[in-house]
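Examination of the molecular architecture
In case you want the letters, here they are:
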Amino acid sequence: MKVTEEDILHIAALSRLKIAKEEEKNYQEELDKIISYMDILEGVDTENVPPTTYALPMENVFREDEPKDSLDRELALSNAPEVEDGYFKVPRVLEES
Amino acid sequence: MRYEAVIGLEIHSELKTNTKIFCGCKTTFGAEQNTHVCPVCLGLPGVLPTVNKKVVEFAIKAGLATNCKINEYSKFDRKNYYYPDLPKNWQTSQYDLPIAEHGYVEILVDSEKKKIGLTRIHMEEDAGKLVHSGTNIKDSASSNVDYNRTGVPLIEIVSEPDMRSAAEARAYMEKIKAILEYIDVSNCRMEEGNLRADINVSLRPVGESKLGTRTEMKNINSFKALEDAINYEIERQTEVLEDGGEIIQETRTWDPAKGITLSMRSKEDAHDYRYMPEPDLPPIVTTKEEIENYRKNLPELPDARRARLEKEYGLSEYDASIITSSREMAEYFDGVIATGADAKQAANWIMGDLSKNLNADGVTVKDSPVDAKRLGEMILLIQKGTISGKIAKQVFSEMWKNPDSPEKIVKDKGLVQITDTKAIEGIVDEVIAKNQKAVDDYKNGNKKAIGALVGQVMKASKGKANPQAVNELLAKKLG
């Protein structure tokens, strides 16, 4: 698996990250090393091994449908950068076209 | 060139649990903003979600009721995208192992039955609600977020692209709504957003099997909007194609006030959700025995109920399908016939005067001013000959405003049918005297002329004379 500079830009865009031009190459090389390291696993014969979807030997952890107390609104909003009328206030949602 | 529309629906239905899917916050609609939130649904660091058992139960029931295969092994996944109504920056949903797959429902459009395939049903969490500072999302410099709805359990029901018209899409969504109501897993209040659809529409030349480029319209929450948006989009795409243009794959919003769809974004987002298995939620394993147990305990579903009404009461397929189209309507019908009222009469009244009045007043059958018992009693009065069908219409509209029993209304208003021959005789004589032409016609062999005379007598008695008694009396007098 080869990570290209295009991949880096794509992932950065999806993650809403701004990457400086001079950093692109560095990220590309480092991520490529990490992904290539994973390639070692590709060599393992998994012919008769079912895919792992969950790492622990657990299943069916449920709770009953019973209400619990929610947070006080003031506390819930206390870390918000901006608050208005009991709402979390956020900047423009859609980028201007 | 003639085009064929290809339509698929993704229906989101909020489940009627007391608490959210992964935490104990209440799901009550209409609470003050951000009062039903906790560290789990706000996505604060270090929290551990736990699946609400009821959600799994409801999703399995929905799957069985739509002829799906239930996956014995199912898991949750993270769907990654950035939007302010989603505090974790991913939606906990299901990707490759949804709870249910490969189902179908049957719809009836223009007396033709059609199977609509279901690709899958999966469980996921609802997102929060945005209140924009401007008139819409595009012209708003900021938005306010209420996370009360974040984490309310949803099932997403994904159809195959099996529908070909707005009418079919509507019938399909109505059927899904009816089924969810019958199995009692969702309130299905569309005006509260309990049930909403994302619509995919594309066109292709008739006879072509390859799919055309589609557009998507999200969060349609009324049947009217569903039909209007699809019809508009079919028209718009036809025009684009006929002008030699190309359809752009995009999300469009439906503007009900203007009756048009609008492009949502200038550049289409790459749908790259980078799904990954949710590491905080262990898989859900359901045994064959458990699935069979759920199946056995399903209530009677709309199609079965329709078939039963046709068979047991001789209702037409159309009548039976309307009456069973909602659980409330079907239960109302049962309530009417429980009084001993004739089933066909019951169906006629429900689909006639009752529906007309409900629509005019904008109330649902559950809140009908005339309940099933009173309608049944009124029909019994017709069956006993106490009132005529025509008078019953008057009694019905009186019952709409007045909580009295139909017996009392009939008595108070003096609407009892006159079956006493002596009382009718006077009117009959008068009518015979005044309508010499009809009398002559009848005597000259035109037996149909008696109808006009019966009509005159009915009119003169203000509808209260028993038509059969009038008929007999006239025939006797005219010899």
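Scope of this entry: the structure provided in the associated data block. (Residues numbered from 1 in each chain as written. Chains lettered and ligands numbered in written order. Predicted model: local features only at pLDDT ≥ 70, side-chain atom pairs only at ≥ 80, totals over all residues. Heavy atoms only, no water.)

1. Section: the interface of chain B and chain A
Put simply, the rule reads: Contacts are assigned to residue pairs with any non-hydrogen atoms lying within 4.5 Å of each other. We define buried area as the total accessible area lost by two parts upon association, computed with a 1.4 Å probe and summed across both. Within this document, salt bridges are pairs made up of a side-chain nitrogen of Lys or Arg and a carboxyl oxygen of Asp or Glu, the two lying within 4 Å of each other. Contacts described as polar in this section are N or O atom pairs within 3.5 Å, which, within protein, must combine one atom able to donate a hydrogen with one able to accept it, while residues neighboring in sequence count only if both atoms come from side chains. Strands here mean DSSP runs of E at least two residues long; helices mean DSSP runs of H or I at least four residues long; both are numbered from the N terminus. When residue character is reported, Ala, Val, Leu, Ile, Met, Phe, Trp, Tyr, Cys and Pro are called nonpolar, Asp, Glu, Lys and Arg charged, and the others, Gly included, polar. The pairing criterion for strands is at least two bridges between them, as found by DSSP.
Taken together, the contact between chain B and chain A spans 58 residues of the former and 35 residues of the latter. Of the roughly 4,000 Å² buried at the junction of chain B and chain A (both faces included), carbon and sulfur atoms supply 57%. Our count for the chain B to chain A interface comes out at two salt bridges. The closest approach of N and O atoms between Glu64(A) and Lys53(B), which form a salt bridge, is 3.4 Å. The tally of links from chain B across to chain A stands at 26 residue pairs in polar contact (both at pLDDT 80 or more). Those elements that provide at least two residues to the side of chain B that touches chain A are strand E2 (51-52), helix H1 (53-65), strand E9 (129-132), strand E10 (142-146) and strand E17 (284-285) of chain B. The element that contributes the greatest number of residues to the side of chain B that touches chain A is E10(B), accounting for five residues. A per-class count over the side of chain B that touches chain A returns 30 nonpolar, 15 polar and 13 charged. As defined by bridge partners, strand E1 (residues 62-63) of chain A adjoins E2(B) across two bridges and the pair is classed as parallel. What sits directly across from Arg63(A), in E2(B), is Asn52(B).

2. Digging into helix H8 (residues 343-361) of chain B
All names here are of chain B. The following threshold applies: Expected helix span is computed as 1.5 Å times (number of residues minus one). Two axes enter the definition of the bend at a residue: one is fitted to the seven residues ending there, the other to the seven starting there, and the bend is the angle between them. We call a residue buried when its accessible area falls under 20% of the maximum for its residue type, exposed when it is over 50%, and partly exposed in between, using a 1.4 Å probe and counting protein chains only.
Relative to the 27 Å expected for 19 residues at 1.5 Å per residue, H8 spans 25 Å between its end C-alpha atoms, a close match to the ideal helical length. The largest bend in H8 amounts to roughly 40 degrees and is located at Leu354. Those residues of H8 that sit buried are Ala343, Ala346, Ala347, Trp349, Ile350, Asp353, Leu354, Ser355, Asn357 and Leu358. Tucked into the core, H8 has its buried residues touching helix H5 (302-313), helix H6 (317-323), helix H7 (327-338), helix H9 (372-383) and helix H10 (389-401). Two or three places before Lys344, at the start of H8, stands the capping residue Asp342, its side-chain oxygen 3.3 Å from that residue's backbone nitrogen. With its phi angle positive at about 65 degrees, Gly362 sits one or two positions after the end of H8.

3. What to know about H5(B)
For the α-helix, the turn length of 3.6 residues means that residues three or four positions removed from each other point alike. Residue and element names in this part refer to chain B. Under the convention used in this document: Note that the arc is defined by the directions from the helix axis to the C-beta atoms.
For H5, with 12 residues, the first-to-last C-alpha span of 16 Å sits near the 16 Å given by 1.5 Å per residue. Within the sequence span of H5, burial applies to Pro302, Arg305, Arg306 and Leu309. The buried residues of H5 occupy an angular sector of 105 degrees when projected down its axis, which confines them to one face. Summarising the geometry of H5, the exposed residues directed more than 90 degrees from the buried face are Lys311 and Glu312. Buried positions along H5 lie against strand E7 (100-109), strand E8 (112-125), helix H2 (166-182), H6 and H7.

4. Observations concerning the pairing of strand E6 (residues 90-93) of chain B
All names here are of chain B. Side chains Trp90 and Thr92 of E6 all project onto a buried face; the interleaved residues Gln91 and Ser93 project onto the opposite face, where all are buried too. By the bridge criterion, four bridges tie strand E5 (residues 77-80) to E6 in an arrangement that is antiparallel. Residue pairing in the sheet places Arg78 in a bridge with Thr92 of E6.

5. Points about the pattern of salt bridges
Residues and elements named next belong to chain B. The full count for this structure, using the stated rule, is 51 salt bridges over all chains. Of the charged contacts in the structure, one is a salt bridge between Arg196 and Glu14, with a shortest N-O distance of 3.9 Å. Taken together, the residues Arg196 in strand E12 (residues 195-205) and Glu14 in strand E1 (residues 3-14) connect sequence positions 182 residues apart. Across the pair, exposure class does not vary: Arg196 and Glu14 are buried alike. Here Glu174 makes a salt bridge to Arg170, at a shortest N to O gap of 2.9 Å. Taken together, the residues Glu174 and Arg170, both in helix H2 and four residues apart, mark about one turn of the helix. With relative accessibility at 32%, the residue Glu174 sits in the partly exposed group. One salt-bridge network, in which partners are shared between bridges, spans Glu14, Asp126, Arg149 and Arg196.

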